[in-house]
Amino acid sequence: MQEGRWQVGKWFGVFGLAATASAAITGSVIGAIQLPHLHFTVWLLVGVGFVLALTDLSRGGKTPTIRRQTCATWWRTRGPWFAAIAWGIDLGIGLTTIRVTSLYWFVLAVLLLGAGAPTGALVLGAYGIGLTFGLALGLMILSRRDAIHANLQALQLSYVIRPVLAFALIIWCISTVITR
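Parameters and conventions
Residues numbered from 1 in each chain as written. Predicted model: local features only at pLDDT ≥ 70, side-chain atom pairs only at ≥ 80, totals over all residues. Heavy atoms only, no water. Axes fitted to C-alpha atoms, helices over the stretch in contact; angles between N-to-C directions. Helix = DSSP H or I, 4+ residues; strand = E, 2+ residues; numbered from the N terminus. Parallel < 35°, antiparallel > 145°, perpendicular 65-115°, else oblique. Contact = heavy atoms within 4.5 Å. Nonpolar A, V, L, I, M, F, W, Y, C, P; charged D, E, K, R; others polar. Polar contact = N/O pair within 3.5 Å; in protein donor to acceptor, adjacent residues only side chain to side chain. Core = buried A, V, L, I, M, F, W, Y, C linked by side-chain atoms within 4.5 Å. Buried < 20%, exposed > 50% of the residue type's maximum accessible area, 1.4 Å probe, protein only. Expected span 1.5 Å × (residues − 1). Arc of directions from axis to C-beta. Phe/Tyr/Trp six-rings, centres within 6.5 Å; stacked < 30°, edge-to-face > 60°.

Chemist: Whenever I open this one, the packing of helix α2 (residues 41-57) against helix α5 (residues 103-112) confuses me. Can you help?
Modeler: Geometrically, a packed helix pair is captured by the angle between its two axes and the distance between the axes. With their axes 10 Å apart at the nearest point, α2 and α5 run at an angle of 170° to one another. Judged by the inter-axis angle, α2 sits roughly antiparallel to α5. Contacts from Leu45, Gly49, Leu52 and Asp56 in α2 reach Leu103, Phe106, Ala109 and Val110 in α5. The residue inventory of the contact of α2 with α5, partitioned by class, reads six nonpolar, one polar and one charged.

Shown next as structure tokens:
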């Protein structure tokens, strides 16, 4: 029993390292792009933030997303080590898989407007760490009896998380307007 937990812990650690590294590299690249910072850029960003948040809150609204998930069969077909690394890299990049809230896109927009490579790496590196902790939490709270449908259980949690993150985005937009 103890050996099995140790093995899962190693796979989990590998996933976390891969997710954090790929997220940090993605953030570094996006932060290094640095679009021109014009006078109205912050106001444009606030407007986009409000639109994205309201889209997330609306009943029929959909977050801009790519309808692709990581390959669920890698564990079985390629083995746990490959799966842990590949899932970590794929989810850490963040651009290539499904998004359930717009906050991720908004963070990328902020990074594009002059964050710089180190800040981009730090911000999206934190996202990679958050993915790792989110996976740990999900493993602890999702039903083990119905592991096959764990992804559907996790998706149901997005109905709770989505409005919380949308309100966080609205609060950021309002605080930006107030402090300008």
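Don't stop here, the text continues.
Chemist: Whenever I open this one, the environment of tryptophan 172 confuses me. Can you help?
Modeler: Mapped onto the elements of the fold, tryptophan 172 is located in helix α7 (residues 150-179). Placed 126 residues apart in sequence, tryptophan 172 and valine 46 show a C-alpha to C-alpha distance of 8.4 Å. Those residues within four positions of tryptophan 172 in sequence are excluded, and the remaining contacts are Leu45, Val46 and Phe106.

Chemist: I'm lost on the side chain of aspartate 90 in this one. Help?
Modeler: For aspartate 90, the location among the structural elements is in helix α4 (residues 80-93). Here threonine 96 takes part through its side chain, which lies 2.9 Å from a polar atom of the side chain of aspartate 90. Apart from residues lying up to four places away in sequence, aspartate 90 is in contact with Arg68, Thr70, Thr96 and Thr97.

Chemist: I would appreciate a short explanation of the nonpolar core in the present structure.
Modeler: Judged by nonpolar contacts, Val42, Leu45, Val46, Leu52, Ala53, Phe106, Ala166, Leu169, Ile170 and Cys173 together constitute the single largest core of ten residues. Elements supplying a minimum of two residues to this core: α2 and α7. With five residues, α2 is the largest single contributor of residues to this core. Phe15, Ala83, Ala84 and Ala86 belong to the second-largest nonpolar core, a separate cluster that totals eight residues.

Chemist: Help me understand α2 in this model?
Modeler: It helps to recall that an α-helix has 3.6 residues per turn; residues three or four apart then point in one direction. With 17 residues, α2 extends 24 Å between its outermost C-alpha atoms, agreeing within 8% with the 24 Å of an ideal straight helix rising 1.5 Å per residue. Listed as buried for α2 are Thr41, Val42, Leu45, Val46, Gly49, Leu52, Ala53 and Asp56. Each buried residue of α2 sits inside an arc of 135° when the element is viewed along its axis, so together they form one side. With respect to the buried face of α2, the exposed residues turned more than 90 degrees away are Leu44, Val51 and Leu54.

Chemist: For this particular structure, what's the right way to read the packing of aromatic side chains?
Modeler: The description of two aromatic rings rests on the distance between their centres and on the angle between their planes. Evaluated as defined, the whole model comprises five aromatic pairs. Here tryptophan 11 and tryptophan 81 contribute two aromatic rings whose centre-to-centre distance is 6.2 Å and whose plane-to-plane angle is 75°, an arrangement assigned as edge-to-face. Of this pair, tryptophan 11 sits in helix α1 (residues 2-33) while tryptophan 81 sits in helix α4, and the two are 70 residues apart along the sequence. For tryptophan 11, a relative accessible area of 16% translates into the label buried. Here tryptophan 74 and phenylalanine 82 contribute two aromatic rings whose centre-to-centre distance is 5.7 Å and whose plane-to-plane angle is 85°, an arrangement assigned as edge-to-face. The class of tryptophan 74 is buried, set by a relative accessible area of 17%.

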